[in-house]
Structures are given as C-alpha cells and as structure tokens.
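Architecture at a glance
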Amino acid sequence: MHEAVIDVHTATNQVIDITERVARFVSDAGSGLLNIFVPHATAGVAIMETGSGSEADLIEVLGRIFPRDDRYVHRHGSPGHGADHVIPALVSPSVTIPVPAGRLQLGTWQSIVLVDLNRDNPQRQVRLTLLEG
C-alpha cells in the first residue's frame, strides 16, 4: 500500500483540479486501486470535465440546491454554512479509480476535482491510498 497527502488551498477557487498531482503519485506508486479521500465534513471529491465551464456550472447548481441563507439548523460560521455540511451527501468525500501500470484510468475528458464551497476553512487535505494489485 502506498499513501500520500495533498494539501490544497481553496480560498480563491471552489472547484480545484488535482488530477496532475494525483497522476504524479500513481506514476511512482505502481498499479492497483486508488482511493482518494477528503477527511473534511464540508468538502468532497468528484470526477468531471474541467476547463469547459463545468466548474462554474457545478458551483451554480450546488448554490441552487443549497442556498446560502439561514434555513439550516446548523448555523455557526458564515451565512449558509449549514449547506456546506450537507453538500458531501451529494459530492462524495471519496472516489476510487483503477490504476493499471501507474496510470489513472480516466476517460478522455475526466479530471479529479476537490469541491469545497466552505468559506470558513480554506486549508484542505486530500488523502491518496493505492492498494496494489
């Protein structure tokens, strides 16, 4: 088993492409199943197309589903922070990707992104675990 942690700063961007950093990890680690896990109650990881406006679309859709107002029981922090705690129910805190011969098995337009709409904590970690096989 190979493990690594990626530190990510999310103050200026809410959807951050981490594909290249993950690809570097697996190129050195070998083959198997890669688990990508975000150990935070208000962030998630997704596989999606990037660079075509999809990041802004995702933020807009999540904003419509989870408005930033005082409707949430969980009310500490910035306005609408309760929404941040519900988002990981839809944007999972983990994904698993096959890694044959040290290469991420992603589709042509797929990228790995950290999704973090929480304004209160811009320091995030992404944990990578490759189970060899």
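As shown above, the structure is provided for reference.
Residues numbered from 1 in each chain as written. Predicted model: local features only at pLDDT ≥ 70, side-chain atom pairs only at ≥ 80, totals over all residues. Heavy atoms only, no water.

1. Some remarks on the overall build of the chain
Applicable threshold: For helices the rule is a DSSP run of H or I covering at least 4 residues; for strands it is a run of E covering at least 2, with both sets numbered from the N terminus onward. With the radius of gyration taken over C-alpha atoms, the globule rule is written as 2.2 Å times the number of residues to the power 0.38. With a 1.4 Å probe rolled over the protein chains alone, any residue whose accessible area is under 20% of its type maximum counts as buried; one over 50% counts as exposed, and the rest are partly exposed. Residue contacts are defined here by distance: any two heavy atoms, one from each residue, within 4.5 Å place the two residues in contact. Shrake-Rupley sampling with a 1.4 Å probe provides the accessible areas, and residues are treated as covered by the protein chains on show and by no other component. Positive residues here are Lys and Arg, negative ones are Asp and Glu, while His and the chain termini are left out of the count. We put the charge of a Lys on NZ, of an Arg on CZ, of an Asp on CG and of a Glu on CD.
On a plain count of helices and strands, the chain comes out with three helices and seven strands. The helix and strand sequence of the chain, counted from the amino end, reads β-β-α-β-β-α-α-β-β-β. Here the C-alpha radius of gyration of the chain, 15 Å, is about what a compact globule of 133 residues would show, namely 14 Å. With the principal axes as the frame, the chain shows a C-alpha extent of 50 × 30 × 25 Å. Every one of the 133 residues in the chain was classed for burial, and the buried ones make up 41%. Considering only intrachain contacts with a sequence separation of at least 6, the fraction spanning at least 24 residues in the chain is 80%. Carbon and sulfur atoms make up 53% of the accessible area of the chain, which totals about 7100 Å². Counting 10 positive and 15 negative side-chain charges, the chain places the centres of these two groups 4 Å from one another.

2. Regarding the pattern of salt bridges
Under the convention used in this document: Take a side-chain nitrogen of Lys or Arg and a carboxyl oxygen of Asp or Glu: if they are within 4 Å of each other, that pair is a salt bridge.
According to the stated counting rule, one finds four salt bridges in the structure shown. Two residues, Glu60 and Arg64, come together in a salt bridge whose shortest N-O distance is 2.7 Å. Of this pair, Glu60 and Arg64 both sit in helix α2 (residues 54-65), four residues apart, roughly one helical turn. Classification of Glu60 as partly exposed rests on a relative accessible area of 41%. Residue Arg64 is classed as exposed on the basis of its relative accessible area of 58%. The salt bridge partner of Asp69 is Arg71, with a shortest N-O separation of 2.6 Å.

3. Notes on helix α1 (residues 19-29)
Applied cut-off: It is the directions from the helix axis to the C-beta atoms that the arc portrays.
Taken together, the buried positions of α1 are occupied by Thr19, Val22, Phe25, Val26 and Ala29. Along the axis of α1, the buried positions cluster into a sector of 125°, meaning they face one direction only. Exposed residues lying more than 90 degrees from the buried face of α1 are Glu20, Arg24 and Asp28. Turning to α1, the residues buried within the fold contact β1 (2-9), β2 (15-17), β3 (32-37), β5 (94-99), β6 (111-115) and β7 (123-132).

4. Concerning the sheet that holds β3
The condition is simple: Between any two strands, at least two bridges found by DSSP are needed for them to pair. Whenever a helix is involved, its axis is fitted only over the stretch in contact; in every case the axis is a line through C-alpha atoms, and angles between N-to-C directions fall within 0 to 180 degrees.
Strand order in the open sheet formed by four strands is β1-β7-β3-β5, and the pairing between neighbours is antiparallel. The open sheet has two edge strands, β1 and β5, and neither has a second partner. Neighbouring strand axes in the sheet, compared pairwise and without regard to direction, differ in orientation by 20° on average. Seen against the sheet, α1 touches β1, β3, β5 and β7 and runs at an angle of roughly 165° to β1.

5. Quick word on the side chain of Thr42
Inspection of the secondary structure assignment puts Thr42 in the loop between β3 and β4 (44-48). Residue class for Thr42 comes out buried when judged on its relative accessible area of 5%. Those residues within four positions of Thr42 in sequence are excluded, and the remaining contacts are His81, Asp84, His85, Pro88, Asp116, Asn118 and Arg124.

Any functional reading would require information beyond the geometric quantities listed.
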